[in-house]
Amino acid sequence: MRAKRRSFLLLLLLTTLWAGLVLRLWWIQIAATHHFSAHDIDLVKSAVKQRQQSIMLNTGRGEILDRHGRSFTGVEQQALLLFPLAKGRDDLEEALARVAHIVHQPEAALLRTLQQAKTPVLLRDEEGKVVPLGEQQAKAVNELHLPGILALPVTERYPPDGVAKHVIGYVNRNPDIIRQAYEPEWKEGKMTLDSMVGASGLERSFDRFLQGVEPSILSYYVDGSGAPLQGLNVRYNRQDNAFYPLSLVTTLDRDIQQRMEEIADHNGIREGSIVVLDAKTGDVIAMVSRPSFDQTKVEVAGGAWQNHALKQLPPGSVFKTVVAAAALAEGTVSPTERFFCDGEYGKYGFSCWRKEGHGWLTMDEAFAQSCNVTFAQIAKRVGGEKIEEYARRLGLAAPVGHLSPQLFKLADFRQFDGEEAGSVFADGAPHSDEGVLIQTAIGQRDVRMTPLQAANMMVTILRGGTPGTVRIVSDITYRNGVTFHHFAPQLLETEGIDRVTAYKLQRLLANVVSDEDGTGSMLQHAAWTVAGKSGTAQTASAGAQLYHQWFVGYAPVKEPRYAIAVVVENQPANRSHLATAVFAQVVGALAAQSAKSDEPHAGSSPE
């Protein structure tokens, strides 16, 4: 009886397992084929993809353009496409020889590209750029009717030689964002969990507008051995809509952006940023961030994709501009009042950067020579509350990027993705504590600002003390160029400073360069006359004592065109002030570009 009972239980267990397996197969193959597991996987589409060789020819997303209409996200061009299935041809060498002759490329390069390909690829040169074809070349290639080798129009969204990568950002697949931000579209089947969405930069902040038509994809269907399946021809899905996708018209100038990036790389800036704003409008003309990154292979954990121009840092003596503004506006100190610096403050181990001291000097001279001891004394008179107030008035206590309270379905829409706010005192820090106050006066301790805020502070001062927001996108347009939405310039919702104080600050900033002992005196020989403020902020990184170098200012002094912030991060203590040297090169490049732009066109006569 026991043997029979054990046999019955074993048979019952096997039957139950078999029934469960059958039920599971039924669930996978019939009931949940389009919505399998918590990740909502479409098994039918996934099965098809396993037998599909495809390449994306156009993402279908909207373009991102500079102020002159030049694209940052690729230009459509004819290109040669090679599918791995072509490797099985008996007459491969003969076919490649004919193609090589048409496209004017070495046959060996085509063969090497094809042999290395595991997925469909574009023919590229040694620098990784797509080899462009003329219309007649493309037509001649396609007339050969070679399976797996053809020419089609391609728009590479992130070309290897692209610029403004941190501003543009990148896209990736993120099911969580689809579920949270695009739930209605996902449930209606307009988007899938595999849809590409913006992950950083303008791609992220303007993702809803850049989401456009379906991508253009070329596909072959192959069997298990990689041979083309008979009866299934090449499938080429190309969308053609007169209005969509929408495009962004930025305020950037591609030529200036490229030149700024060249300057950053030529000077070996590994971490840092360069911001160039229009001195009148506050619009971004160029924005560079380092380190650079590959938009097609983003290492998210590495963080190189983050835009350093939008990240807050201790500004060092650049913050003395705020202390000076508070002192002058409140009448606490006059520019000609004299102070004494012997190199030591006498408390808290606080000292001046010049060990022997500056001796007697006016506030004007103290600002030009960046005397720490003098500004500690001035800050003590002004008080922490007033310093924080004037930081806010100069736009340093909140994000300064353009804000739309309501933009279609989006509330509080900000143009800049990931812009940080900046601060003066940490929460709970005593504003009246002398030790806290004197460190705050020189832009250390809890003081933080972004390079974008610093450049915009210069615009505020030039504008007579009225703080405004910063635009990086002026318009969203339909594909045919008609405006969909215009972003009008706007002011910050904060009280500024008075015109007299702004004028006094302009004089102080100019003296930093014109004074022979000023910390910016090396800029006296710049291509344009320069005004500005240097800064060196102490910071600790991995146990080492390093410094962030700043120079923030504007040029030319008499008729300012550009407000500029240069930050070189994590520099050794004995390193010369690279930020000031780079600032000079930036001004030189801008002057050269302006001279080029001001030249009369061919055939015209000067007035």
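Worth saying up front: this structure is predicted, and the values here are computed from it rather than measured. (Residues numbered from 1 in each chain as written. Predicted model: local features only at pLDDT ≥ 70, side-chain atom pairs only at ≥ 80, totals over all residues. Heavy atoms only, no water.)

S.K.: I keep staring at the overall build of the chain and nothing clicks. Help me out?
M.R.: Helix and strand counts for the chain stand at 19 helices and 22 strands. The proportion of buried residues among the 607 residues of the chain is 50%. By element, 51% of the accessible surface of the chain is carried by carbon and sulfur atoms, the whole surface being about 29700 Å². (Helix = DSSP H or I, 4+ residues; strand = E, 2+ residues; numbered from the N terminus. Buried < 20%, exposed > 50% of the residue type's maximum accessible area, 1.4 Å probe, protein only. Areas by Shrake-Rupley, 256 points an atom, 1.4 Å probe, with all protein chains shown as cover.)

S.K.: Could you clarify how one ought to interpret unusual backbone geometry in this entry?
M.R.: Peptide bonds are, in most cases, trans, and in most cases residues other than glycine have a negative phi. With omega at 5 degrees, the peptide bond leading from Tyr 244 into Pro 245 counts as cis. Along the chain, Pro 245 falls in the loop between β10 (235-237) and β11 (247-250). Cis geometry is adopted by the peptide bond preceding Pro 291, which originates at Arg 290 and carries an omega value of 15 degrees. Despite not being glycine, Tyr 348 has its phi angle at roughly 60 degrees, a positive value. Topologically, Tyr 348 is positioned in the loop between β14 (338-341) and β15 (359-362). With phi around 50 degrees, Asp 412 is a residue other than glycine that occupies positive phi space. If you trace the backbone, Asp 412 turns up in strand β17 (residues 410-414).

S.K.: Could you clarify how one ought to interpret a nonpolar patch on the surface in this entry?
M.R.: A cluster of nonpolar side chains, contributed by Leu 10, Leu 13, Leu 14 and Leu 17, occupies part of the molecular surface with about 400 Å² of accessible area. Counting through the fold element by element, Leu 17 comes out in helix α1 (residues 2-31). (Patch = residues over 30% accessible without salt bridge, like charges linked within 9 Å, V, L, I, M, F, W, Y side chains within 5 Å. Salt bridge = Lys/Arg side-chain N within 4 Å of Asp/Glu carboxyl O.)

S.K.: Explain the environment of Gly 134 here, please?
M.R.: Along the chain, the position of Gly 134 falls in the loop between β5 (132-133) and α5 (135-142). For Gly 134, a relative accessible area of 30% translates into the label partly exposed. Separated by 57 residues in sequence, Gly 134 and Gln 77 have C-alpha atoms that sit 8.3 Å apart.

S.K.: When you look at the pairing of strand β12 (residues 272-278) in this model, what are you seeing that I'm missing?
M.R.: It is a general feature of regular strands that their side chains alternate between the two faces of the sheet. Among the seven residues in β12, six count as buried, and that is most of the element. In this structure, β12 lies alongside strand β13 (residues 284-290), joined through six bridges in antiparallel fashion. In the sheet register, Ile 274 faces β13, and the bridge partner there is Val 288. The hairpin formed by β12 and β13 contains five residues between the paired strands, and Gly 282 there has a positive phi angle of roughly 80 degrees. Here β12 runs beside strand β22 (residues 562-571); their pairing, made up of seven bridges, is antiparallel. Residue pairing for β22: Val 275 is matched across the bridge by Ala 565. (Pairing = 2+ DSSP bridges.)

S.K.: Explain the nonpolar core here, please?
M.R.: As a rule of thumb, soluble globular proteins bury nonpolar side chains together. Counting 96 residues, the largest nonpolar core has Phe 206 and Leu 452 as the members making the most contacts within it. Excluding residues that lie within four positions of it along the chain, Phe 206 makes contacts with Leu 248, Phe 413, Gln 415, Val 473, Ile 476 and Phe 487. Grouped together as the second largest cluster of nonpolar side chains are 30 residues, Met 260, Val 530, Val 566 and Leu 590 included. (Core = buried A, V, L, I, M, F, W, Y, C linked by side-chain atoms within 4.5 Å. Contact = heavy atoms within 4.5 Å.)

S.K.: Explain the packing of aromatic side chains to me, please; I cannot follow it from the model alone.
M.R.: Describing an aromatic ring pair means giving the distance of the ring centres and the angle of the ring planes. Applying the stated criterion across every chain, the model contains 18 aromatic pairs. Aromatic side chains Phe 209 and Phe 413 sit 6.1 Å apart centroid to centroid with 85 degrees between the ring planes, which places their arrangement in the edge-to-face category. Here the residue Phe 209 occupies a position in helix α10 (residues 207-210), and Phe 413 occupies one in strand β17, the gap between them amounting to 204 residues. Judged by relative accessible area, Phe 413 falls into the buried class, the value being 5%. When the ring of Tyr 244 is compared with that of Tyr 478, the centres are 5.9 Å apart and the planes differ by 85 degrees; the resulting orientation is edge-to-face. Placement of the pair is Tyr 244 in the loop between β10 and β11 and Tyr 478 in the loop between β18 (473-477) and β19 (483-486), with a sequence separation of 234 residues. (Phe/Tyr/Trp six-rings, centres within 6.5 Å; stacked < 30°, edge-to-face > 60°.)

S.K.: Whenever I open this one, the layout of surface pockets confuses me. Can you help?
M.R.: A water-sized probe rolled over the atoms picks out the places where empty space is left. Considered as a void within the structure, the second largest pocket measures approximately 810 Å³ in volume. Together, 27 residues line the second largest pocket, and Trp 353, Asn 372, Gln 444, Thr 536 and Tyr 547 are the ones closest to its centre. Only β20 (531-541) and β21 (544-555) provide two or more residues apiece to the lining of the second largest pocket. With five residues, β20 is the single largest residue contributor to the lining of the second largest pocket. Grouping the constituent residues of the lining of the second largest pocket by class yields eight nonpolar, 16 polar and three charged. (1 Å grid on protein atoms, 1.4 Å probe; cavity = no way out; pocket = protein on both sides within 12 Å on 5 of 7 lines; lining within 4 Å. Points joined across faces, edges and corners; volume = space filled by probe spheres on them. Nonpolar A, V, L, I, M, F, W, Y, C, P; charged D, E, K, R; others polar.)

S.K.: Is there a simple way to think about the pattern of salt bridges in this case?
M.R.: Side chains bearing opposite charge may pair, as long as their charged atoms lie close to each other. Evaluation of the coordinates by the stated rule reveals 27 salt bridges. With a closest N to O distance of 2.9 Å, Glu 389 and Arg 393 form a salt bridge. Taken as a pair, Glu 389 and Arg 393 lie in helix α15 (residues 384-393) at a separation of four residues, close to a single helical turn. Taken as a pair, Glu 389 and Arg 393 share a single burial class, namely buried. Members of the salt-bridge network, linked through shared partners, are Glu 330, Lys 386, Glu 389, Arg 393 and Glu 495.

S.K.: What should I look at first to understand the side chain of Asn 372 in this one?
M.R.: Position of Asn 372 relative to the elements: it lies in helix α14 (residues 372-382). For Asn 372, a relative accessible area of 9% puts it in the buried group. In this structure Asn 372 touches Ser 317, Lys 320, Phe 350, Ser 351, Cys 352, Trp 353 and Ile 442, once residues within four positions along its chain are discounted.

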